[in-house]
Amino acid sequence: MAENAKDKILLVDDEPFNLGIYSEIFSDLGYEVFTASNSHETFEILKKNEPDLLLLDIILHNELGLDILKKIKTDNQHPYMYIVMITGAFTSSQQQAAALEQGADGYIVRPIDDRELIARVEAFMRHKRTLDSLRKSESRLRKIIARNPDAILVVDTDGKISFANPSAEDMFKLTIDELLSRVFGYPVIQGEHTEINIVRQDEEERVGEMRTIDIDWNDKETFLISIRDITHHKQIEEELKKALVKSKESDKLKSAFLANMSHEIRTPMNGVLGFTRFLKKPNLPVEKQQKYISIIEQSGLRMLNLINDIIDISKIESGNMEVNYSNINIHEMFASLFNFFEPQAKKKKNELLYVTSLPDNKAYVFSDNEKITAIFTNLIKNAVKYTTNGKIEFGYELKENEFEFYVKDTGIGIPQDRLDAIFERFVQADLKIVQPYEGAGLGLSISKAYVEILKGEIRVESQENKGSNFYFTIPVKGKKVVDKVVAREKKIDSIEKLSEITVLVADDDETANIYLEEILEGKCKKVLHARNGKQAVDMVHKEKDINLILMDIKMPVMDGYTATRMIKQYNQDVIIIAQTAYAMSGDKEKAFKAGCNGYITKPINQNELLLIMSQLL
Ligand code: ADP
């Protein structure tokens, strides 16, 4: 018997003598003993305690123990308490049978010697303890089954459900009773793990993994089935599968992109290098010279376009894309697009036309001219690129508050499964590494970003070998967000100031030095050169009349940022303009932070440089 959980005995007898003796005997045996001499005291004790055994005298003063027995059984408050009648008067077997029939668990006839009494009570208690521990273990098992998150069911060979735990209720959204009245509808295969679509009362779609084992249940062949809800795992699995496909695809794309980029850079590079060599030939006729120079220029522009696209992507990415709103006449824009593309379209035997439906004075949209032109340029350029002997049409339709612009062609079209992907960066519809069309796969992603910045949407309809129709919407009155004046549009008014200044060009690149010298020669008083940041710092120390420095950023020995910081420490007056090939977002801020007064990106446009210089003087 556990020390701090003694078994409890309640002794009921109207003879104080009996109560005294029995109390002593059972206390000595280690029981916790309660005593009562009538029904009132008995029920008072029962209210507060849960005795394991009640030893109940049959004849009490003016009362019968049998009535107490009856009441306890009717109340059913103590279903697990053993009740043993004890009497010296009602000893016949009829009387004993009647008491047992009323629910007594035992019957002891007096006189009885102590040893027998103890032996009998201990025998009852052994029985009771066994039952108690069975009950406890059953309740533990029930809890385990009830709390198990898997649905557990017992199903016979006819599919009849004879047991279901609460998780099964939850899984099928049916009550236990509803489940028990149903036939289990899934094929039951012993020992197999099967995936099932859980058919639920609320029609939500879920997936389960079902496991079945054979069990013997009430001597019948039966199956114990457990079902685990694996919907979440399936979703993750699906996502992983998709991610795998995507990553394999992006691997392919990366290779295609690299091959493509290399092609995109090498082709114009070939032009530049090849025709530069030709230019060196002695006695070259002037027409040829001009032709080669124009090829070199075209090749340079093509490379610059690629770089500009990459820079645009970086600006879009970092949210640094400015929007300049103005009233745009769509017809004027169309006319200039038409003039620009017509020769290219003709070359590929394409008919190019545009359609307008509004009168000229009504064809206005308030948006960003540069961006809409860039979107059209990309779309028409593609249409020309992917169409031969066909027709290309662009135009618009005025819908409620927006223009829907379109560019339609009768070219090669785009496979259905690539329609979404083409708007992604560096993606081309054709996944083959060697493909006949030039392009880095950036145009459409930039166009899409522009359309979205302007609060519109872009979409495509296309059929292979039939053609493609691109549509994009632009609100008639886009919100005015920022209105920045572009430097290029300003007039150069203070160019005279330049003739009075000494300029230091700090650049390690020989070509850049020659180029800047060429621009500044004759316009400035003097042009000096430094090949790295340190030389620039030293020269500003020595030559007190340096007014302006064109500071390259990436230089050996000391970079332009450091040189600027050092120079500005002792000379606040000198104007420093950063000139850099890093046109990525954030570089401008870095240059200003270092102390630069202005910023210009390479390749340097002559007018732009002179404008910035004169503005800062
Ligand atoms: P790219 O520089 O390769 O033209 P884009 O982003 O402009 O890059 O276009 C992505 C891809 O979409 C192209 O490589 C091409 O496969 C497909 N595409 C775009 N426009 C058309 C079109 N008008 N007809 C057929 N395919 C097109």
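Residues numbered from 1 in each chain as written. Predicted model: local features only at pLDDT ≥ 70, side-chain atom pairs only at ≥ 80, totals over all residues. Heavy atoms only, no water.

Trainee: What am I meant to see in the side chain of Thr42 here?
Mentor: Along the chain, Thr42 turns up in helix H2 (residues 39-48). When its relative accessible area of 0% is taken as the criterion, Thr42 is described as buried. What Thr42 contacts, discounting residues up to four positions off in sequence, is Leu10, Val12, Ala36 and Ile68. (Helix = DSSP H or I, 4+ residues; strand = E, 2+ residues; numbered from the N terminus. Buried < 20%, exposed > 50% of the residue type's maximum accessible area, 1.4 Å probe, protein only. Contact = heavy atoms within 4.5 Å.)

Trainee: Quick question: what am I supposed to make of a negative patch on the surface here?
Mentor: A cluster of acidic residues, Asp214, Asp216, Asp219 and Glu221, forms a negative patch at the surface. Relative to the helices and strands, Glu221 is located in strand E12 (residues 220-229). Residue Glu221 is classed as partly exposed on the basis of its relative accessible area, which comes to 48%. (Patch = residues over 30% accessible without salt bridge, like charges linked within 9 Å, V, L, I, M, F, W, Y side chains within 5 Å. Areas by Shrake-Rupley, 256 points an atom, 1.4 Å probe, with all protein chains shown as cover. Salt bridge = Lys/Arg side-chain N within 4 Å of Asp/Glu carboxyl O. Lys, Arg positive; Asp, Glu negative; His and termini not counted. Charge placed at Lys NZ, Arg CZ, Asp CG, Glu CD.)

Trainee: Hey, could you run me through the sheet that holds strand E16 (residues 391-398) in this one?
Mentor: One key point about sheets: their strands pair by backbone hydrogen bonds, in either a parallel or an antiparallel sense. Ordered by their spatial adjacency, five strands build an open sheet running E14-E16-E17-E19-E18, and the pairing between neighbours is mixed. The open sheet has two edge strands with one neighbour each: strand E14 (351-355) and strand E18 (458-463). Ignoring strand direction, the axes of neighbouring strands in this sheet form an average angle of 15°. Relative to strand E17 (residues 402-409), E16 runs antiparallel, the two being bridged by seven bridges. Each residue of the ladder has a partner; that of Phe394, found in E17, is Val407. Helix H10 (residues 330-347) rests against E14, E16 and E17 of the sheet, and its axis sits at about 175° to E14. In this fold helix H11 (residues 369-385) packs onto E14, E16, E17 and strand E19 (467-475), with an angle of close to 20° to the strand it touches most, E17. (Pairing = 2+ DSSP bridges. Axes fitted to C-alpha atoms, helices over the stretch in contact; angles between N-to-C directions.)

Trainee: Could you clarify how one ought to interpret the nonpolar core in this entry?
Mentor: Among the nonpolar cores identified, the biggest contains 43 residues, and Ile372, Phe376, Ile380, Phe394, Phe405 and Phe472 are the most heavily contacted of them. For Phe405, the contacting residues outside a window of four places in its chain are Ile330, Phe334, Phe376, Gly395, Tyr396, Phe470, Tyr471, Phe472 and Ile474. Counting 24 residues, the second-largest nonpolar core is a separate cluster that includes Ala530, Val537, Ala563 and Tyr599. (Core = buried A, V, L, I, M, F, W, Y, C linked by side-chain atoms within 4.5 Å.)

Trainee: I'm lost on the layout of surface pockets in this one. Help?
Mentor: With a probe scaled to a water molecule rolled over the atoms, the places where space remains empty come into view. Taken as a whole, the second largest pocket holds about 320 Å³ of empty space. Every residue lining the second largest pocket is counted, 14 residues in all, and those nearest its centre are Leu141, Arg142, Ile145, Phe163 and Trp217. Going through the elements one at a time, helix H5 (114-147), strand E8 (151-156), strand E9 (161-164) and strand E11 (206-217) are the ones with two or more residues in the lining of the second largest pocket. Here the lining of the second largest pocket gets five residues from one element, more than from any other, and that element is H5. The class makeup of the residues in the lining of the second largest pocket is eleven nonpolar, one polar and two charged. (1 Å grid on protein atoms, 1.4 Å probe; cavity = no way out; pocket = protein on both sides within 12 Å on 5 of 7 lines; lining within 4 Å. Points joined across faces, edges and corners; volume = space filled by probe spheres on them. Nonpolar A, V, L, I, M, F, W, Y, C, P; charged D, E, K, R; others polar.)

Trainee: How do you make sense of a positive patch on the surface when you look at a structure like this?
Mentor: Together, Lys136, Arg140, Lys143 and Arg147 make up a region of like positive charge exposed at the surface. Here Arg140 is to be found in helix H5.

Trainee: I'm lost on the packing of aromatic side chains in this one. Help?
Mentor: Centre distance and the angle of the planes are the two values used to describe a pair of aromatic rings. Enumeration over the complete set of coordinates arrives at 23 aromatic pairs. An angle of 70° between the planes, with centres 6.4 Å apart, marks the rings of Phe334 and Phe405 as edge-to-face. Of the two residues, Phe334 sits in helix H10 while Phe405 sits in strand E17, which places them 71 residues apart along the sequence. No difference in accessibility class separates Phe334 from Phe405, as the two residues are buried. Ring centres of Phe403 and Phe405 lie 5.6 Å apart, and the angle between their planes is 20°; this geometry places the pair in the stacked category. (Phe/Tyr/Trp six-rings, centres within 6.5 Å; stacked < 30°, edge-to-face > 60°.)

Trainee: Is there a simple way to think about the environment of Gln606 in this case?
Mentor: With respect to the element layout, Gln606 can be found in helix H17 (residues 606-616). Judged by relative accessible area, which is 35%, Gln606 ranks as partly exposed. Residues Gln606 and Tyr515 lie 91 residues apart in sequence; the distance between their C-alpha atoms is 9.6 Å. When neighbours within four sequence positions are excluded, Gln606 is seen to be in contact with Tyr515, Ile519 and Lys523.

Trainee: Looking at this model, I keep getting lost on the packing of H10 against H11. Mind explaining?
Mentor: For any two helices packed against each other, the geometry comes down to the angle between their axes and how far apart the axes lie. Running from amino to carboxyl end, H10 crosses H11 at an angle of 25°, the nearest separation of the two axes being 11 Å. Considering the angle they form, H10 stands roughly parallel to H11. The way H10 lies across H11 gives a crossing that is right-handed. Facing H10, whose interface residues are Met333, Phe334, Leu337, Phe341, Gln344 and Ala345, H11 presents Asn369, Ile372, Thr373, Phe376, Thr377, Ile380, Lys381 and Val384. Tallied by class, the residues present in the contact of H10 with H11 amount to nine nonpolar, four polar and one charged. (Parallel < 35°, antiparallel > 145°, perpendicular 65-115°, else oblique. Left-handed = near helix turned anticlockwise from the far one by under 90°.)

Trainee: Even after reading the chapter, I still don't get the confidence of the model for the protein, so can you show me in this structure?
Mentor: Low-confidence regions, as indicated by low pLDDT, have predicted coordinates that should not be scrutinised in detail. Residues of the protein with pLDDT of at least 70 account for 93%, and the chain-wide mean is 87. The low-confidence segment residues 480-493 (pLDDT under 50) makes 21 contacts with residues lying over four places distant or belonging to another chain. (pLDDT = per-residue confidence, 0-100.)

Trainee: Can you walk me through helix H14 (residues 533-542) in this structure?
Mentor: Note on helix geometry: an α-helix contains 3.6 residues per turn, so any two residues three or four positions apart are oriented the same way. When we look at burial in H14, the residues that qualify are Gly533, Ala536, Val537, Met539 and Val540. Looking down the long axis of H14, one finds its buried residues gathered within 165° of arc, a one-sided arrangement. At the N-terminal end of H14, a side-chain oxygen is found 3.0 Å from the backbone nitrogen of Lys534, two or three residues along, and the residue is Asn532. (Arc of directions from axis to C-beta. Polar contact = N/O pair within 3.5 Å; in protein donor to acceptor, adjacent residues only side chain to side chain.)

Trainee: It is not clear to me how the sheet that holds strand E10 (residues 193-198) should be interpreted in this structure. Could you clarify?
Mentor: Taken in spatial order, the five strands line up as E9-E8-E12-E11-E10 in an open sheet, and their pairing is antiparallel. Strand pairing shows two members of the sheet lacking a second neighbour, E9 and E10, which therefore form its edges. Looking at each pair of strands side by side, their axes are set apart by 30° on average, direction ignored. Across six bridges, the pairing between E10 and E11 is antiparallel. In the strand pairing of E11, His193 is matched with Arg211.

Trainee: Whenever I open this one, the pattern of salt bridges confuses me. Can you help?
Mentor: Any two side chains of opposite charge can pair, on the condition that their charged atoms come close. Scanning the entire structure with this criterion turns up 33 salt bridges. Arg110 is paired through a salt bridge with Asp57; the nearest N and O atoms lie 3.4 Å apart. Remark: Asp57 occurs in strand E3 (residues 53-57) and Arg110 occurs in the loop between strand E7 (106-109) and H5; sequence separation between them is 53 residues. Each member of the pair, Arg110 together with Asp57, is buried. Residue Asp229 pairs with Arg206 through a salt bridge whose shortest N-O separation is 2.7 Å. With Asp229 in strand E12 and Arg206 in strand E11, the pair connects residues that are 23 residues apart, well separated along the chain. Look at Asp229 and you get partly exposed, because its relative accessible area is 28%. Taking relative accessible area as the criterion, Arg206 reaches 23% and is therefore assigned partly exposed. Counted as one network, the salt bridges with shared partners bring together Glu195, Lys234, Glu237, Glu238 and Lys241.

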